[in-house]
Amino acid sequence: MNALMTLPAGAGLAAALLLLIGVLFFIIALIRLRRLQLLAASGHGLFSLALLGIGLALAGLGLNLHTYQRLTDERMVAELEFRQLGPQQFQVRILYPQQQRYQDFTLNGDEWQLDARVLKWHGPAILAGLDSQFRLERLSGRYTDIHAEKHLPRSVEALSDNPGLDLWALVRRHEQRLPWVDAYYGSATYLPMHHGAQYRVQITQTGLIARPINAAGQQSLENWY
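Here the structure is a predicted model, which means the values were calculated and not measured.

**Student:** Help me understand the overall build of the protein chain in this model?
**Tutor:** Tallying secondary structure elements over the protein chain gives 7 helices and 10 strands in all. Counting only residues that meet the buried cut, the protein chain has 39% of its 225 residues in that class. The long-range fraction of contacts in the protein chain, counting pairs at least 24 apart against all pairs at least 6 apart in sequence, stands at 58%. In the structure as shown, the protein chain presents an accessible area of about 13,000 Å², 58% of it carried by carbon and sulfur atoms.

**Student:** Can you walk me through a nonpolar patch on the surface in this structure?
**Tutor:** Together, Leu20, Leu24, Ile27 and Ile31 line one region of the surface with nonpolar side chains, adding up to about 360 Å² of accessible area. By secondary structure assignment, the location of leucine 20 is in helix 2 (residues 9–34).

**Student:** When you look at the confidence of the model for the protein chain in this model, what are you seeing that I'm missing?
**Tutor:** Close reading of the predicted structure is inappropriate where its pLDDT is low. With 56% of its residues at a pLDDT of 70 or more, the protein chain shows a mean pLDDT of 75. Ranking the elements of the protein chain by mean pLDDT puts helix 1 (residues 2–6) last with 44 and strand 3 (residues 89–96) first with 96. Below a pLDDT of 50 lies the segment residues 1–10, which in the model reaches 18 contacts outside its immediate sequence neighbourhood of four places, other chains included.

**Student:** Got a minute to help me understand the packing of aromatic side chains in this structure?
**Tutor:** Scanning the model with the defined rule gives 4 aromatic pairs in all. A centroid spacing of 6.0 Å and a plane angle of 85° characterise the contact between tyrosine 190 and tryptophan 224, whose relative ring orientation is edge-to-face. Linking tyrosine 190 in strand 8 (residues 181–192) with tryptophan 224 in the segment after helix 7 (215–222), this pair joins segments that are 34 residues apart in sequence. Residue tyrosine 190 is classed as partly exposed on the basis of its relative accessible area of 37%. Take tryptophan 224: its relative accessible area is 32%, and that puts it in the partly exposed class. Over the aromatic face of tyrosine 96 sits the side chain of arginine 101, whose NZ or CZ is 4.3 Å from the ring centroid. Lying across the ring of tyrosine 190, arginine 142 places its NZ or CZ 3.7 Å from the centre.

Conventions adopted
Residues numbered from 1 in each chain as written. Predicted model: local features only at pLDDT ≥ 70, side-chain atom pairs only at ≥ 80, totals over all residues. Heavy atoms only, no water. Helix = DSSP H or I, 4+ residues; strand = E, 2+ residues; numbered from the N terminus. Buried < 20%, exposed > 50% of the residue type's maximum accessible area, 1.4 Å probe, protein only. Contact = heavy atoms within 4.5 Å. Areas by Shrake-Rupley, 256 points an atom, 1.4 Å probe, with all protein chains shown as cover. Patch = residues over 30% accessible without salt bridge, like charges linked within 9 Å, V, L, I, M, F, W, Y side chains within 5 Å. Salt bridge = Lys/Arg side-chain N within 4 Å of Asp/Glu carboxyl O. pLDDT = per-residue confidence, 0-100. Phe/Tyr/Trp six-rings, centres within 6.5 Å; stacked < 30°, edge-to-face > 60°. Lys NZ or Arg CZ within 6 Å of the ring centre and 35° of its normal.

Next comes the structure, spelled out in structure tokens:
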């Protein structure tokens, strides 16, 4: 039910109706089968399976779409706070103000990088009420020096689950059949890690933007090379 609620109103209603009608035809098929009306039972059964399959597919897409957030204007998506644990090792707390929760990770390197996926809709999808949507994908540490990047320990953390039908993969696999959605748009931002530094990350129609929000963060940018 939650998956259906995440779809646009029309699509969610369609998925619910398809599932309901599919169940009704399945019941009718069982009744026909008990009466030994095999031809009618098989016809109703196949029709029921088709409706249930389409309804479940819509529900699966809704469940996956639920992991994305609407993007209508510039908005804050996260704040990051850093505490140095040792040489090129930092503890980071990433806060999600909209969701009132946080996550703690340990990153190796000199810089942090935040990646996001963005779904941009076109044509009929916009008319159906779909806005561009985004999902934070991963947080990783990186080294300023390329040689260190190749040989020193790296760290990466997933920031979201991927339940239901993977809409991103589906669109990329069938891009010519789904011209009303663009899943090739990924965005990333990175800045230096520094003890006590705090950053705010916002997302716009053009991608992620990170800015320091305290003196330590500003100092890290001044010393960045």
